Amino acid sequence: MKELIKDDMKFLSFNDDNVSINFSTAFNKIDFKKSTIEGKKNIERLENIFALDNILYLNQIHSDKIIDCKDNLIAPKGEIDGDAIITNKKNVGIGVFAADCTPVIVYDKEKQVIAAVHSGWRGTFDEIAKKTCKYMIDNYGCNNLDVIIGPHIRQCCYEVSRELAEKFQRKFGNEVVDNRNLSLEKCIISQLSGIVNMTNIKSLGKCTFCDTSEEFHSFRKTGENSGRLFAFIFLK
């Protein structure tokens, strides 16, 4: 991972051969909330900053719905509902928004297919990351997926109701909950077991609520006034 500053935006970035993965921060209070004029302009700016043909994204609804933009036949700009977006089109960015929820980036650099997943607690419980990986395996023949888990509210700060904690414990095991503090990351890693090589799963290990090494937007910290982070990936 490296810190990348482009114009007034700061990203936590990875390059893996022809794959570029970028997680935005709240540096300079940059906000990607698509419901605002500023947010939409910032999304559009990414096309110029990274020299992309397009940036695609969904209207996230905390579901397990996967949208395949194969060959760019579907090119959503927020008008299609879903929480995972896939493409095999080069020079087209696909991304998800978050402000405590977990952004999960998936790719197979040999098969040239990429995905961006929004995994909040509902999507995590419904195993959207697992379903996305399975879709890539079944529909694109992927056999060597890499997964990067981006900044999100981590177990240190994510206290949930006793009822919800017990619901996750029953499905994913006792280790995903500490008292009432839930680890979405542990749940995601658990659901990917047997589908993705565990050594291919990496995490930035950064908490949107309490991390002091970077600035992040956090809905739990600032509520309705919170901005949005944008995690995106593209094939060069």
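You'll find the structure just up there.
Because the structure is a prediction, the values reported are computed rather than measured. (Residues numbered from 1 in each chain as written. Predicted model: local features only at pLDDT ≥ 70, side-chain atom pairs only at ≥ 80, totals over all residues. Heavy atoms only, no water.)

K.L.:
Help me out: how do you make sense of the nonpolar core in this one?
P.N.:
Looking at soluble globular proteins, one finds that nonpolar side chains tend to be buried together. In terms of nonpolar packing, the biggest core is built from 24 residues, with Ile 21, Phe 23 and Ile 233 touching the most fellow members. Broken down by secondary-structure element, the contributors of at least two residues to this core are strand 2 (9-16), strand 3 (19-24), strand 4 (54-59), strand 8 (92-98), strand 9 (102-108), strand 10 (113-119) and strand 15 (229-235). Looking at which element gives the most residues to this core, the answer is strand 15, with four residues. Leaving out residues up to four positions away in the same chain, Ile 233 has contacts with Val 19, Ser 20, Ile 21, Val 92, Gly 93, Ile 94, Ile 105, Val 106, Tyr 107, Ile 114 and Ala 115. Residues Ala 84, Val 113, Met 136 and Ile 201 belong to the second largest nonpolar core, which totals 20 residues. (Core = buried A, V, L, I, M, F, W, Y, C linked by side-chain atoms within 4.5 Å. Buried < 20%, exposed > 50% of the residue type's maximum accessible area, 1.4 Å probe, protein only. Helix = DSSP H or I, 4+ residues; strand = E, 2+ residues; numbered from the N terminus. Contact = heavy atoms within 4.5 Å.)

K.L.:
It is not clear to me how the pairing of strand 7 (residues 84-87) should be interpreted in this structure. Could you clarify?
P.N.:
A regular strand places its side chains on the two faces of the sheet in alternate fashion. Going residue by residue along strand 7, you find Ala 84 and Ile 86 tucked away on one face and Ile 85 and Thr 87 tucked away on the opposite face as well. Bridge count between strand 5 (residues 66-68) and strand 7: three bridges; the pairing is parallel. The partner of Ile 67 across the bridge, within strand 7, is Ile 85. Pairing analysis gives four bridges linking strand 7 to strand 10, with the strands arranged antiparallel. Note that in strand 10 the partner of Thr 87 across the bridge is Ile 114. (Pairing = 2+ DSSP bridges.)

K.L.:
I keep staring at the packing of helix 3 (residues 128-140) against helix 5 (residues 184-192) and nothing clicks. Help me out?
P.N.:
Between two packed helices, both the angle of their axes relative to each other and the distance between the axes serve to describe the pair. Two elements in contact, helix 3 and helix 5, have axes whose closest approach is 8 Å; the angle formed by their N-to-C orientations is 35 degrees. With respect to the hand of their crossing, helix 3 and helix 5 are arranged in right-handed fashion. Contacts between helix 3 and helix 5 pair Ile 128, Ala 129, Lys 130 and Cys 133 from the former with Ile 188, Gln 191 and Leu 192 from the latter. (Axes fitted to C-alpha atoms, helices over the stretch in contact; angles between N-to-C directions. Left-handed = near helix turned anticlockwise from the far one by under 90°.)

K.L.:
How do you make sense of the pairing of strand 11 (residues 146-149) when you look at a structure like this?
P.N.:
Alternating positions in strand 11 separate into two faces, Asp 146 and Ile 148 on one and Val 147 and Ile 149 on the other, with burial throughout. Where strand 9 and strand 11 come together, four bridges link them in antiparallel fashion. Pairing of Ile 105 across the sheet is with Ile 148, part of strand 11. For strand 11 and strand 14 (residues 201-203), the ladder comprises three bridges, and the chain directions are parallel. When the sheet's bridge partners are listed, Val 147 is paired in strand 14 with Ile 201.

K.L.:
Hey, could you run me through the environment of Gly 141 in this one?
P.N.:
Within the secondary structure, Gly 141 sits in the loop between helix 3 and strand 11. Classification of Gly 141 as partly exposed rests on a relative accessible area of 33%. In the structure, Gly 141 is positioned 30 residues away from Lys 111 in sequence and 7.5 Å away in space, judged by C-alpha atoms. Excluding residues within four positions of it along the chain, Gly 141 makes contact with Lys 111 and Met 136.

K.L.:
What should I look at first to understand helix 1 (residues 37-49) in this one?
P.N.:
Note that an α-helix has 3.6 residues per turn; residues three or four places apart therefore point the same way. With 13 residues, helix 1 extends 18 Å from end C-alpha to end C-alpha; this agrees with the ideal 18 Å at 1.5 Å per step. Burial in helix 1 covers these residues: Gly 39, Asn 42, Ile 43, Leu 46, Glu 47 and Ile 49. Where helix 1 is buried, its residues meet strand 1 (2-6), strand 2, strand 4, strand 6 (77-81), strand 8 and strand 15. Positive phi shows up at Ala 51, right after helix 1, with a value of about 55 degrees. (Expected span 1.5 Å × (residues − 1).)

K.L.:
Any chance you could explain the sheet that holds strand 1 here in plain terms?
P.N.:
The strand order 1-2-3-15-8-4-6 describes an open sheet built from seven strands, whose pairing is mixed. At either end of the open sheet lies a strand with only one pairing partner, and these are strand 1 and strand 6. Taken over all neighbouring pairs, the strand axes of this sheet differ in orientation by 30 degrees on average, direction set aside. Bridge count for strand 4 against strand 6 is two bridges, and the pairing is parallel. Bridge pairing links Asn 59 to Asp 81 in strand 6.

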